[in-house]
Amino acid sequence: MKTNFLLYLCVFIINCGYSQNGFYKDSLTVLADSLHVKGEYDRAISIRQQAINTQKKAPKDYQAYLKAKYFHTNSSRLEFKSYNYHNPDKSITKKAREQYLDSALQSVIKARDLYINVERPDRIFQYQLQNRIYHQTAYLGNWKHALEQAQLGYEFLKDTLTSNDKSFVDLIYDIGFIYGKLGDYSKAVDNYQTSLDLYQISIGEKNTDVAQAYNNIAVEYRNLGLRRKELESLLKAKTIWEQLNDELDQQFLYRCYGNLFYWYSYYGDFDKAEEYILKKNQLRTSAIAKKANGFLRNKEEIYEDQLSEWYDLMLHYSRKKDTNKTALYAENILKTIDSDKKILNFEVNILSATLKSQASLIEKSNPEEALLMLDKAIDIQKRYQDVFYTKPFAFQLYKVELLLEAKKYLEASLLLKYLNALNDNEEVSSRFKLAILNAKTAQYLNQNEKTRNYFDTAFKLLNNSNHDIESIAIEDLTPLISFETIDGFLAMGDYYTQEYKKNNSEFDFKKATHRYLLASKIYNQLYLGQRYNESLFTSYNAINERLLTIGLEKPNDVILLSKILNTIENNGSKLMWSKFIFNNQRQQLNIPVIVANEEESVKAQLNFYQNALINSEENSEEKIILWKSKIYELKNRLSEIQDSIREQNKTHYQFNVQDFDIANVQKTLKEGEVIIKYILTDNYLCSFLISKKQIELLPTTNKTQVLNTLKSCLNDLKQRAPNYQPAFKEMKAVLLNQIDYQEYEKLIIIPDGALYYLPFEALFLEEKIPLISYASSLSLYQEQKKIKSTFTNLKVGAFSVSNQNSKLPKASVEIHSILNIFDGKVFLNASKEDFLKNANEFNVLHLAMHSKIDEVHPEFSALNFYGENDNQLFISELYNETLNANMVVLSACDTGTGFYENGEGVISLSRAFNYAGVPSTVMSLWKVDDEATAKVMTFFYEHLKKGEPKDEALKNAKLDYLKNTDDDLLKHPYYWSGFVITGNTDALVETHNYWMYLLILPLIIFGLFIKRLFQFFKK
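As the structure is a prediction and not an experimental result, all values here were calculated from the model.

A. Broad picture of the overall build of the protein chain. Counting its regular elements, the protein chain contains 41 helices and 16 strands. C-alpha atoms of the protein chain, sized along the principal axes, occupy 135 × 85 × 70 Å. Sorting the 1019 residues of the protein chain into buried and exposed places 55% on the buried side. Roughly 46800 Å² of accessible area belongs to the protein chain as shown, and the carbon and sulfur atoms make up 50% of that amount. Computed over 123 positive and 129 negative side-chain charges, the separation of the two mean positions in the protein chain equals 3 Å.

So, in structure tokens, the structure goes:
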């Protein structure tokens, strides 16, 4: 709360010279008021005593006013002395602090009692007294009484000051703060939001009071389960404090960084979380460099900060599944806090939360021990409930979960009965969870009617509309955007799916579908559109599995399947899609030189520090921390620049994420073309078959069978096993036997999981091979298809490398053969600089060189250019480039392979070129043979020259290779099937069918002759 609030009000009174009660102030009182404002309380008290002595003949009301002023100043003096508890130079004990505050409170109460009977009281002064009463009461920890006193203050001010007056707004803010301390988070949010709206009118957005309101409202949003709103408010607070860059605000920014660390860790973006813990530590180090404790004012604050950091790191590493570090931080907390003694407010919260977290780690391996640990946490919460307003309710809800996990359904039912009686006092997120747990417990006890009622109760709690729950959309729901809400809706859907399968009730089927689709909409609002992480993927996968389950119940319902497919696609990762659009479409823009130059400068610095970090084996920890900090800073700056480019060019960019609609993709498909989208869930493989007029969801295949067959198949392929056919036939049966693929001329494969590593072409063996291409997602494929070839000035930039360390003897032959077919330029033994300087001069880029795959740190995978120093072009660098090419051919080993990341796909070099805006890539799936590669690539460009689409040209190049290879061993799919094409497959060269004109011309001449002949005979 704002401790200097009183000073601003006093200035107002002194400037007027009169009090609202109509008395003219004596000169001593005016002087004392000015000293009070300056904080010179001892002198002010002395002057006030003189004023009392000299005004003994004044009216009684004025004498009462002067005495009240005396006790008011005395109260402020004593309160000020209590602040020494937070002053390292004048440290006092906690007991002394409480004594000062208690004396201050008694003094200001005496002032209020003296002034209460004044006939025409000064309402502003009355509020000043009330302001100190509620502050001092709050500082002593009596938050309920503080709220009563603050509300009395509100009554004094509401008819005295306008709603825009800062003093009035500060009071509303303070009431919000008190509600937060009392655990009434909804009222806290209401007051904070009102104060925010009024602050913006009275003092503007860029003010530390506004930032504090944003930061505090974010904490309450977390308590309410409104996780997306929490993040939005924290980012606003951070931006204001960083822009103000005031040393006095560093302590607030420090806490804001801690809150952002906590949010991103919850969300699963561990890199972003660690960026904020690094920023937080740097801020603390910088503050400590200026004074001993930095902005932590005494041992208690240092202690609280240490415990809070241990707790946050414990949660963070438990989410990262780092059990050693989790145990380390938990042990630190449990050893440090002695729960047998009287403990402080923050100790209560951190200790009980740590015990709860530890219980969650052992709930499956040792449920009984987990329950004992949780009971201890609940006991601590209950013990301090009346002292610190702790809320054991959330801990008791978790106990119900543990009891259900341990199959102690009757115990769970009894505890729920107790919690149901307390339900009305809890926030909506807790009541929602309680209703879900009631429903699950009733479900386990086969109480069907109760289960339905409780699930409906949970749903109705979030209904913000007047609509029936069966017809409401995401817009009608309370914005309780969190993983926990998603789990609740999935639980509802699971129950109704189970009931549908039992009773074949169409009503239950619709309810299940509705709940699953709402879960997916909530997920979509939680997902920030950036890189996927394990937390997101786990939730995404759970939703998909449910949607596919209901889809398989009605595999011919095209409307339902379209909804499911659109939902899955809309919830998928948007990262590569958004990067491709940004880099591809920016080629059409005239970006201001100053912006372009800054962007290039930031990219160059970012590449420098990323390379330094990659090669940091022998550098100090201090340097590594510095480089990481620089990388975070530069990435954020680059993102800001690119966001501004998007904002200024809205007509070119799809600035907001558009909802995907499969119907739009179907319109672009030709007859004879089909998309096969595979989805691997936890248990099975599913596939969608999408043609111009039809969508089918094919029956599932056991996931274990798929992966075992795939492993055998890839092993035979890469080991060049002579008897590879049986494994390939089995793989084909698993993936394609449910599809009448012979009806189609072209297959577009959207793989999932380990299927990314399989060339489907190899499965057809002696049969006619259809045209095959690949895409990483339907939404990206849709955008890549929109890119049209210009058919003019086609130039190939061919870059090759063959040296002592990485010999590719046929690389030179390969690129010279290509340049005999197309115009362009050869860069033999090309350096990284050669490529980056010249790449944007060509429509097609051909790279014949070795690559390095780093499966531990995928962004460190690289193309190996010529030279000993700075010769590697890393994926992380390509992410920062913008390339104009229509196609990149990566005639290098393993350019399509790499680490598979759930939700993102394979982090490969090919993917990096998609990031850079290239709509079509040809890549290799393993360490390809040098000589075979040279032959396939030469044939490929010959067919491109004929005007064939890229997928057809690649297929024909492979067939030509097989026709022109006599050695049966070299006909093994290892040699020819490793190259695949992704994205846009349109032809690069326009075909002119002159022979058609030769056929048509005689027909035209013959027609004219017949016409003339007819006219002749007519005469």
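B. Molecular detail of the environment of Phe860. Structurally, the position occupied by Phe860 is in the loop between β9 (851–852) and β10 (862–864). In the structure, Phe860 is positioned 99 residues away from Glu761 in sequence and 30 Å away in space, judged by C-alpha atoms. With residues up to four places along the chain from it excluded, the contact list for Phe860 reads Ile614, Lys852, Asp854 and Phe874.

C. Summary view of helix α17 (residues 367–383). Spanning 17 residues, α17 covers 24 Å between terminal C-alpha atoms, matching the ideal 24 Å at 1.5 Å per step. All buried positions along α17 are accounted for by Ala370, Leu371, Met373, Leu374, Ala377, Ile378, Ile380 and Gln381. Close packing links the buried residues of α17 with α16 (345–362), α18 (385–388) and α19 (393–405).

D. Quick look at the side chain of Ser779. By the secondary structure assignment, Ser779 is in helix α33 (residues 778–785). Judged by relative accessible area, which is 8%, Ser779 ranks as buried. Side-chain polar atoms of Ser779 contact the side chain of Ser777, separated by 3.4 Å.

E. Structural context of the UniProt feature "repeat: TPR" (unreviewed entry) in the protein chain. As recorded in UniProt, the feature "repeat: TPR" (unreviewed entry) lies at residues 169–202. Structurally, residues 169–202 comprises 94% helix and 0% strand, and the distance from its first C-alpha atom to its last is 9 Å.

F. A look at the pattern of salt bridges. Summed over the entire model, instances satisfying the criterion amount to 53 salt bridges. Between Glu401 and Lys433 there is a salt bridge, with the nearest N and O atoms lying 2.9 Å from each other. Here Glu401, found in helix α19, pairs with Lys433, found in helix α21 (residues 428–444); they are 32 residues apart in sequence, far enough to count as distant. Its salt-bridge partner being Lys677, residue Glu569 comes within 3.5 Å of it at the nearest N-O pair. Of this pair, Glu569 sits in helix α26 (residues 558–571) while Lys677 sits in strand β1 (residues 673–680); the two residues are 108 residues apart in sequence, bridging distant segments of the chain.

G. Inspection of the sheet that holds strand β11 (residues 872–874) at higher detail. Within the open sheet, the 3 strands sit side by side as β9-β10-β11. Their pairing is antiparallel. If you trace the sheet from one side to the other, it starts and ends with β9 and β11, each paired once. Relative to β10, β9 is paired through 2 bridges, and the arrangement is antiparallel. Paired with Ser851 across the bridge in β10 is Leu863.

Cut-offs used in this document
- Residues numbered from 1 in each chain as written.
- Predicted model: local features only at pLDDT ≥ 70, side-chain atom pairs only at ≥ 80, totals over all residues.
- Heavy atoms only, no water.
- Helix = DSSP H or I, 4+ residues; strand = E, 2+ residues; numbered from the N terminus.
- Buried < 20%, exposed > 50% of the residue type's maximum accessible area, 1.4 Å probe, protein only.
- Areas by Shrake-Rupley, 256 points an atom, 1.4 Å probe, with all protein chains shown as cover.
- Lys, Arg positive; Asp, Glu negative; His and termini not counted.
- Charge placed at Lys NZ, Arg CZ, Asp CG, Glu CD.
- Contact = heavy atoms within 4.5 Å.
- Expected span 1.5 Å × (residues − 1).
- Polar contact = N/O pair within 3.5 Å; in protein donor to acceptor, adjacent residues only side chain to side chain.
- UniProt positions renumbered as here; feature names shortened; annotations may be inferred.
- Salt bridge = Lys/Arg side-chain N within 4 Å of Asp/Glu carboxyl O.
- Pairing = 2+ DSSP bridges.

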